[in-house]
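Below, each chain spelled out in residue letters.
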Amino acid sequence: MAAKGNTRLCLRGDFCKADTKNVATRKIVCYPLMNNAIKLKQRSLSVIASAGSSRGIDTINGSKVNGINVGEVAPVMRNKNRESTKESCVDAPLHAVLLGRFVEDQFVYRQTFIIRSYEIGPDKTATMETLMNLLQETALNHVTSSGLAGNGFGATREMSLRKLIWVVTRIHIQVQRYSSWGDVVEIDTWVDATGKNGMRRDWIIRDYKTQEIITRATSTWVIMNQETRRLSKIPEQVREEVVPFYLNRVAVAADKNDSEKIDKLTDKTAERIRSGLAPRWSDMDANQHVNNVKYIGWILESVPINVLGNYYLTSMTLEYRRECQQSNLLESLTSSTASGTEDSNNYMHRRPDLEFTHLLRMLADKAEIVRARTQWHSKQKLN
């Protein structure tokens, strides 16, 4: 029987029926629904989240998903003596909910996620913003789990002492296939040096069930002073902190990485302009500027609606030029570029059907915030 104040969650099939007879323990016994959007065939999930437990989460007969262990457990007994039910449970301290684990001699950090209903788009698959958010979450948890985290948003201890933060200057992501609602994905991330004062962070996303790599991403980061908002060299003390975690490996091969310069759009070269985009308070992050993932939605505001509905966004490159604050009004510019196709059912092995160049800029003084390039493949051809 769980200690008083604990919560026990048991899932069978899809769901749901609740039993609250025991005030100390609550169970949700789940039965299949007609809607099979999320399929957990003959599998159950059992978790005890204990505010008073100090024991960490580990995998038990299954895999850890968002800090919750998923695996085979005994069927829920339908009798009055619920306490006699034998289940595989694990005490989970609440502070450990988002943590993953290190693999490959501590160089790679791995975390698993379930694609939730509010992370999908109209076609019931994860959006580009969802993928970027998962990459960012895994990166932050990597820093926290390494023991390097200071009091900043992803900053190390030595960085926090010097009021320094990491800022991303460029990110490139290639999507082989988008996950659907209820799918489980596994994300690996690691870091390496780039240039004299930069750090490269890479990711790969796998389908947890098949272990197929469905997304690859690479990014470049530099250090900025949080008070002056100026870029800074990496202090030697910070370098000593992060170098032991460097791994000489790339997620995107050099010949497949979009490293070409992105042309600047102007009023004359842009085919579509969407003005009056306004950041909200909720768009701000802990570093006191608009979260870099938010830019994606504004960039796509100037993409034709038929493209959004009929094509998959399979590649995106972002070049970050300056910060954006809540008080700034923005403009989104888009222009198409030449593209072609080759016979293949694989995103990565044929040229895109469409390619666009984008610019997100300040409405008032036209100062650049982000340049971007996107590639798209027809859903009709691939389905």
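Residues numbered from 1 in each chain as written. Predicted model: local features only at pLDDT ≥ 70, side-chain atom pairs only at ≥ 80, totals over all residues. Heavy atoms only, no water.

An unreviewed UniProt entry lists the protein chain under the name Acyl-[acyl-carrier-protein] hydrolase, with Carya illinoinensis given as the organism. Comment text from UniProt for the protein chain, heading Subcellular location (unreviewed entry), reads "Plastid, Chloroplast". Per its UniProt entry, the protein chain bears the Sequence similarities (unreviewed entry) comment "Belongs to the acyl-ACP thioesterase family." (UniProt positions renumbered as here; feature names shortened; annotations may be inferred.)

Helices and strands together make up the secondary structure of the protein chain, namely six helices and 19 strands. Buried residues in the protein chain amount to 50% of all 383 residues. When contacts within the protein chain are restricted to residue pairs at least 6 apart in sequence, those whose partners lie at least 24 apart make up 68%. Within the structure as shown, the protein chain displays about 19,900 Å² of accessible surface, and the carbon and sulfur contribution to it stands at 50%. (Helix = DSSP H or I, 4+ residues; strand = E, 2+ residues; numbered from the N terminus. Buried < 20%, exposed > 50% of the residue type's maximum accessible area, 1.4 Å probe, protein only. Contact = heavy atoms within 4.5 Å. Areas by Shrake-Rupley, 256 points an atom, 1.4 Å probe, with all protein chains shown as cover.)

Here helix α1 (residues 128–146) spans 27 Å end to end across 19 residues, near enough to the 27 Å set by a 1.5 Å rise per residue. Phi turns positive, to about 85°, at Gly 147, one or two residues after α1. (Expected span 1.5 Å × (residues − 1).)

Ile 173, Tyr 295 and Leu 318 are the most contacted members of the largest nonpolar core, which has 60 residues in total. What Tyr 295 contacts, discounting residues up to four positions off in sequence, is Val 290, Tyr 320, Arg 322, Glu 323, Cys 324, Leu 360, Ile 369 and Val 370. Listed in part, the seven residues of the second largest apolar core include Val 103, Val 108, Ile 204 and Ala 251. (Core = buried A, V, L, I, M, F, W, Y, C linked by side-chain atoms within 4.5 Å.)

Here the structure, examined in full by the defined rule, presents five aromatic pairs. Arranged with centres 6.4 Å apart and planes meeting at 90°, the rings of Phe 356 and Trp 376 form a pair that is edge-to-face. In this pair, Phe 356 is assigned in strand β18 (residues 354–362) and Trp 376 in strand β19 (residues 368–378), connecting sequence segments 20 residues apart. Assessed through its relative accessible area of 6%, Phe 356 is described here as buried. By relative accessible area, which is 2% here, Trp 376 ends up buried. Among the aromatic side chains, those forming a connected cluster through ring pairs are Tyr 295, Trp 298 and Tyr 320. The ring centre of Tyr 312 lies 5.3 Å from the NZ or CZ of Lys 379, which sits over that ring. (Phe/Tyr/Trp six-rings, centres within 6.5 Å; stacked < 30°, edge-to-face > 60°. Lys NZ or Arg CZ within 6 Å of the ring centre and 35° of its normal.)

A few words on the side chain of Asp 258. Here Asp 258 lies in the loop between α3 (236–242) and β15 (272–277). Only 2.7 Å separates the side chain of Asp 258 from the side chain of Thr 317, close enough to count as a polar contact. Here Asp 258 is in contact with Arg 170, His 172, Thr 317 and Arg 373, once residues within four sequence places are set aside. (Polar contact = N/O pair within 3.5 Å; in protein donor to acceptor, adjacent residues only side chain to side chain.)

In this section: the pattern of salt bridges. Per the stated rule, a full pass over the model turns up 25 salt bridges. Between Glu 301 and Arg 274 there is a salt bridge, with the nearest N and O atoms lying 2.5 Å from each other. Of the two residues, Glu 301 sits in the loop between α4 (294–300) and α5 (305–310) while Arg 274 sits in strand β15, which places them 27 residues apart along the sequence. The salt bridge partner of Asp 283 is Lys 294, with a shortest N-O separation of 3.7 Å. Of the two residues, Asp 283 is situated in the loop between β15 and α4 and Lys 294 in helix α4; the sequence distance between them amounts to eleven residues. (Salt bridge = Lys/Arg side-chain N within 4 Å of Asp/Glu carboxyl O.)

Below, the discussion takes up the side chain of Arg 201. Position of Arg 201 relative to the elements: it lies in strand β12 (residues 198–207). Nearest to the buried, unbridged Arg 201 among oppositely charged side chains is Asp 202, at 8.4 Å. Within polar-contact distance, the side chain of Arg 201 engages the side chain of Thr 189 at 2.8 Å. For Arg 201, the contacting residues outside a window of four places in its chain are Ala 139, His 142, Val 143, Thr 189, Trp 190, Val 191, Ala 217, Thr 218, Ser 219 and Trp 221. (Lys, Arg positive; Asp, Glu negative; His and termini not counted.)

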